[in-house]
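Reading the structure
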Amino acid sequence: MFKKILIANRGEIAVRAVRACRDLDIWTVALFDASDRDSLHVRLADECVQITSPLGYLDVQQIVELALKTEADAVYPGYGFLAEREDFAAACEAAGIVFIGPPSSVMAAFSNKIDMLEAVAAAGLATPVHSSVSFRPGEEDIYQAEAGDIGYPLVIKSCNGGRGLASRIIYRPEDLQRGVREAAAESQMVFGSDQLYFERMVRHASFLDVQVLGDQHGNLVHLGERDGSIQRNNQKLLTEAPAPGLTAAQRMRLHEMALQVARLFNYVNAGTVEFLMDDAGQFYFTEVKCRIQVEHPVTEMATRRDLVREQIRIAAGERLGFVQEDVRIRGAAMQCRINAEDPWNNFLPSPGFLRRFRLPGGPYVRVDTYAYSGCTVSARYDPMLAKLVVWGETREDCIQRMRRALQDFAIAGIQTNLPLFQRILDDPRFIEGRYDTAFLRRTLFDDQLQTDEGLLQDLAVIAALAYQVRLQSQQPVTPERLLQGWHRSSRQLPG
Amino acid sequence: MAKSMDEYIQHLRSLRAEAYGSAKDVETQHRKGRLTARERVDMLFDANTFTEIDTLVLPRFETYMGGKSSRHGDGVITGFGLINGRHVFVAAQDATVMGGSLGEMHANKIVKAMKMALTYGCPFIAINDSGGARIQEGVDSLGGYARLFDANCEASGVIPQISVIMGPCAGGAVYSPALTDFVFMTENSYMFITGPDVVKAVMQEEVSQEQLGGGLVHSQESGVSHFLAKDDRECLALVRELLRYIPSNNQNDPPYVPPLDDPDRRCPELEQIVPTDPNKPYEVREVIASIFDDGRFFEVHQLWAENLVVGFARLNGWVVGIVANQPRVLAGTIDIKASIKAAHFIRMCDAFNIPIITLQDVPGFLPGTAQEYGGIIRNGARMIYAYSEATVPKLMLILRKSYGGAYCVMSSKGLRGDLLYAWPNAEIAVMGAAGAVNILFRREVTSAPDPEARRLELVDDYEQKFNNPYVAASRGLIDDVIEPRDSRRVLIAALEVTLLKRERHVAKKHGLSPA
Amino acid sequence: MTLVTVTVDGKKFQVDVTSSLADSDDLSVVCTGQLRRVSVSSTDSVEKIEWVVIDGRPYEVVVDPNLRWIKVYDGLHNIEVQDRSISFARPASGDGRVKAPIPGLVVRLCVETGDEVEVGEPLLVLEAMKMQNEILAPRSGRITELNVSEGDSVKLGDLLVEIS
């Protein structure tokens, strides 16, 4: 087992990794940049080291150097930043440091999305209709032709992308050029490449992820699926496991397909095989995420397995401690991705000082976060503030517990999407488990809350009181200018 | 054997208890819809800050009447406390003790509190609820009134003096409020020199107390009262609010509060509020709400002389006094009442270091025999005197019309206005176009082949040549022409540079303000 | 005494705060004619109002310092407080100046000086927290001032665009 792991990430996942290392009695090194000195992951780690490169957490070379300098024997990439960068995995391997994730050779198989889709299709699995070649924003004749072949609505994707970044849904041909330009710019910024391709959009789809784990000794298991259909900007806001809309037969087929894909690529370490399911129940393979995912705690709660721990163990060459039959999905788990943003103001990010941050508690409630009362949410990074995960014996229990936890969660100082989740959890379509990727757009703002008159009255009382407080908090002060000699002498009276 | 300390204390407590009205007296007062003096004082001051003085004063009349004094305090509560955190002295007449009648010691207590307020530079508030002079004390009582008036005059212009009428205030008693800076009345109070009985006897005129001198009458008709309140509670809240705008004395500045409103805020709505047609009325309070902090305006004399609006507001946190013509009433002309209203307000602002901002849209003085007989000349002059005399910053914004004598008297450059602005639609001239053409070109118009066409042509010509802000701007008589939306920004800039103004009068004993 | 009209989620209530805040722990507030007894965590500032108890019913609250919303246990409620002593309300759409709601980088301008815009139309795209955020027109009108260009970094509250 490793002695020391450098955590090449920040925020919530870095905190998560430090904790997993502690559980395994492994020494941790945290990275921080100038604006992150005060972050929780730095405080919790055993060692910390500043990353001075202007690229920050994206500087492959400096991070490898720091790993060597701090004598870390492994690097934990988390998600985002360098997690899916094959060159980073390769650089670590070259430097004799273990990259905690799939080997670079496996990652290379996913580096070109089109090739990957072709390979899976060749194995007999359904994939969305996609363009046969990639293109860059300057190659307009290529992409216009491809778009014509695929038809609208289509999705622009980055060949190197993930996390829904640099992805655009285009409904009309006249929006294509602008969409390509923007997606390419974003892809260049985030992934360092402007190679794009198209997929035909699957309408009324469900977004299903299957968690897989494979060790270096050829053992491969799945840990069930997650439904991440409630999305905004391709970010999964609410994720649950198991997926509510699947029959037992569908579920089995889905898991089987996931294992088939993983085997196809000789997958090692934790990964997610992602599928879309259309309204006819047909599955389409879309991609493999060769890293830990934001939503992994949902699976952890439903299976009672520590995925980050497994990642580390696998990377250290250990065997999986269990076989497929040992994996039992029990009850239901759900995760809300709490973002520092204002759903009622065009989802505008809301960085700033967290005046109050009180976590919900009680049985089967878990919050993964880097935030605490009195910390500042940086405007430089992703607005994800916390992940609220709960478990229940049944889906109903789970929903009720999530409602309660959301009520308990007290955040002041910045805007968050907490109230949005409260609406989602009260929506009858959600409660019945009938929702798809269009759910959020359709339901969010179309209706007023049904609130009883008594509460509204009490709120009116609170508002009036706050108004009074605001008026009275304006206390007189003496401005500096009025203390000057000139002014004092202007007040002197004749005689 | 010596008494124990406890016994001494018990004795003191029993004496103090006498200063409080009995439960029955309190109930009588409540039945009239009024609070007792103690309740009023408690309500007026910040919680638990009132300190009473002269609780143990005894009335003089026992010496005359041979009777034993039953009540300590002599029917008035005096003392000091905090209002919005600032020290204020008060004298509250207590109708539950001898009807609140004013005897010699009662007057002495009030005068003593006033002298203290004057010495320590604190505002003074008198709460009036009194049956009048205490007849048993005869001339001693009258002498008390005279000393009270004298103290009022002495303190005038040094500390703010506020009178709050919350019950009867009749006869000579009315002159103390009349000498103070602000008079508040409740609807349930009245003031008159002579009551309905005397009016009936002398003039054979049937009139009720309310009709003769109720709060509404004095707020609407006579202008004696500056503020009218529904009841005691609302009235005292108004007093507290007023004190947020005025300083404790004439050496201090009015309370500045850090503003919530944005100093750079544009006011595009002004373009809709003020019609360019000079004959269309509008509500000038909307203009005030648009320009000043948070739209807040604390109006003085709201119901009297409504053709001119005066009151307090804040501009980027600084207190200012606003004088504004009201085109909605009498087309915004200036009449006798409006002149008096403006003059008093301006002098008060000047005394207490409050900058004056004039919002002008005035067609001129109100014509007619009633005005001339009433002395509009003399009364209009009071306004000139007040503007000229004021050494506080004087800013002006011409919203539309500024004609003739009215131009001169309202904060013009000639009266040492500091920074004066006009909107581009302003009409600054001796008179409106139609009138001017009638005088200047009467013969030319009548002799023209088409008199009406010629007249319109001349009117047009006049408007282009004279009836705009640019003539005044070219002479430097206004300092700039600004877009309406920039009014707030510009006035804040102007106010902040003039705040430290230093100006002195020629030494004199005192001026002779007309009227 | 403060008299206000409060609109909560589109419903209007007349509320009178009858006691002065400094007075006591228990405040009297009259809401639609009904006297309510209220205690509150702090009356120092709006930010310090963390809980309110109304007639024995506790609420944990977050109140927007600009009084546009209140958050309670069941989510966010839009409010609007109109002081009844101020007779003239200013337009809610503001004065036409659009300021940066967050610090960020101007990645794209959607309008030019002189353009006519409708309320809700995107004016520019501001990148912050790794997100591209469209800044929308708060009111209709003509762009009279455009203070930024693509690639500019802006601070919180910087004036971006002026619409008249």
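Now for a look at the structure at hand.

Concerning the nonpolar core
- Formed by 156 residues in total, the largest nonpolar core has its most connected members in Ile7, Val75, Ala333, Ala460, Ala463, Ala464 and Leu465 of chain A.
- Residue contributions to this core peak at 11 residues, all from helix α16 (residues 453-472) of chain A.
- Those residues in contact with Ala463 of chain A, other than ones at most four positions away along the chain, are Val6, Val8, Leu67, Ile70, Ile79 and Val81 of chain C.
- Listed in part, the 134 residues of the second largest apolar core include Val274, Met348, Leu395 and Ile398 of chain B.

Observations concerning unusual backbone geometry
Residue and element names in this part refer to chain A.
- Residue Tyr152 is joined to Pro153 through a cis peptide bond whose omega torsion reads -5°.
- With respect to the helices, strands and loops of the structure, Pro153 is situated in the loop between α7 (140-150) and β6 (154-158).
- A cis amide bond links Ala241 with the next residue in sequence, Pro242, at an omega value of -5°.
- By the secondary structure assignment, Pro242 is in the loop between β11 (235-241) and α9 (248-264).

Looking at the pairing of strand β14 (residues 332-339) of chain A
Residues and elements named next belong to chain A.
- With 8 of 8 residues buried, β14 is to be regarded as a mostly interior element.
- Of the two faces of β14, the one lined by Ala332, Met334, Cys336 and Ile338 and the one lined by Ala333, Gln335, Arg337 and Asn339 are each fully buried.
- Strand direction decides the pairing type here: β11 and β14, joined by 4 bridges, are antiparallel. Each residue of the ladder has a partner; that of Ala241, found in β14, is Ala333.
- Looking at chain direction, β14 and strand β21 (residues 384-392) are connected through 8 bridges and run antiparallel.

Points about the interface of chain B and chain A
- The interface of chain B with chain A comprises 14 residues on the first partner and 14 residues on the second.
- Tallied by class, residues from the side of chain B that touches chain A come to 8 nonpolar, 2 polar and 4 charged.

A closer look at the sheet that holds strand β16 (residues 153-154) of chain C
Residue and element names in this part refer to chain C.
- Spatially, the 4 strands line up as an open sheet ordered β14-β13-β11-β16, and their pairing is antiparallel. Only two strands of the sheet have a single partner each, and these edge strands are β14 (131-136) and β16.
- Strand direction decides the pairing type here: strand β11 (residues 104-109) and strand β13 (residues 122-128), joined by 4 bridges, are antiparallel. Residue pairing across strands places Arg108 opposite Val125, the latter belonging to β13.

With respect to the sheet that holds β6 of chain A
All names here are of chain A.
- Strand order in the open sheet formed by 3 strands is β7-β6-β8, with antiparallel pairing between adjacent strands. Each end of this open sheet is capped by a strand with a single partner; those strands are β7 (168-170) and β8 (196-200). Sheet twist, expressed as the average angle between the axes of neighbouring strands with direction ignored, equals 30°.
- Pairing between β6 and β7: 3 bridges, direction antiparallel. Bridge assignment links Val155 to a residue of β7, and that residue is Ile169.
- Its contacts with the sheet put helix α8 (residues 176-191) on β6, β7 and β8, and the angle it makes with β6 is roughly 25°.

Some thoughts on the packing of helix α3 (residues 37-44) of chain B against helix α11 (residues 232-242) of chain B
Residue and element names in this part refer to chain B.
- One way to put it is that α3 packs onto α11 with a least axis distance of 9 Å and a crossing angle of 40°. Considering the angle they form, α3 stands oblique to α11. As α3 packs across α11, the resulting crossing turns out to be right-handed. Contacts between α3 and α11 pair Arg40, Met43 and Leu44 from the former with Asp232, Arg233, Leu236 and Val239 from the latter.
- Residue composition of the contact of α3 with α11, grouped by class: 4 nonpolar, no polar and 3 charged.

Conventions adopted
- Residues numbered from 1 in each chain as written.
- Chains lettered and ligands numbered in written order.
- Predicted model: local features only at pLDDT ≥ 70, side-chain atom pairs only at ≥ 80, totals over all residues.
- Core = buried A, V, L, I, M, F, W, Y, C linked by C-beta atoms within 7 Å.
- Buried ≥ 20, exposed ≤ 12 C-beta atoms within 10 Å, placed from the backbone.
- Helix = DSSP H or I, 4+ residues; strand = E, 2+ residues; numbered from the N terminus.
- Contact = placed C-beta atoms within 7 Å.
- Pairing = 2+ DSSP bridges.
- Nonpolar A, V, L, I, M, F, W, Y, C, P; charged D, E, K, R; others polar.
- Axes fitted to C-alpha atoms, helices over the stretch in contact; angles between N-to-C directions.
- Parallel < 35°, antiparallel > 145°, perpendicular 65-115°, else oblique.
- Left-handed = near helix turned anticlockwise from the far one by under 90°.

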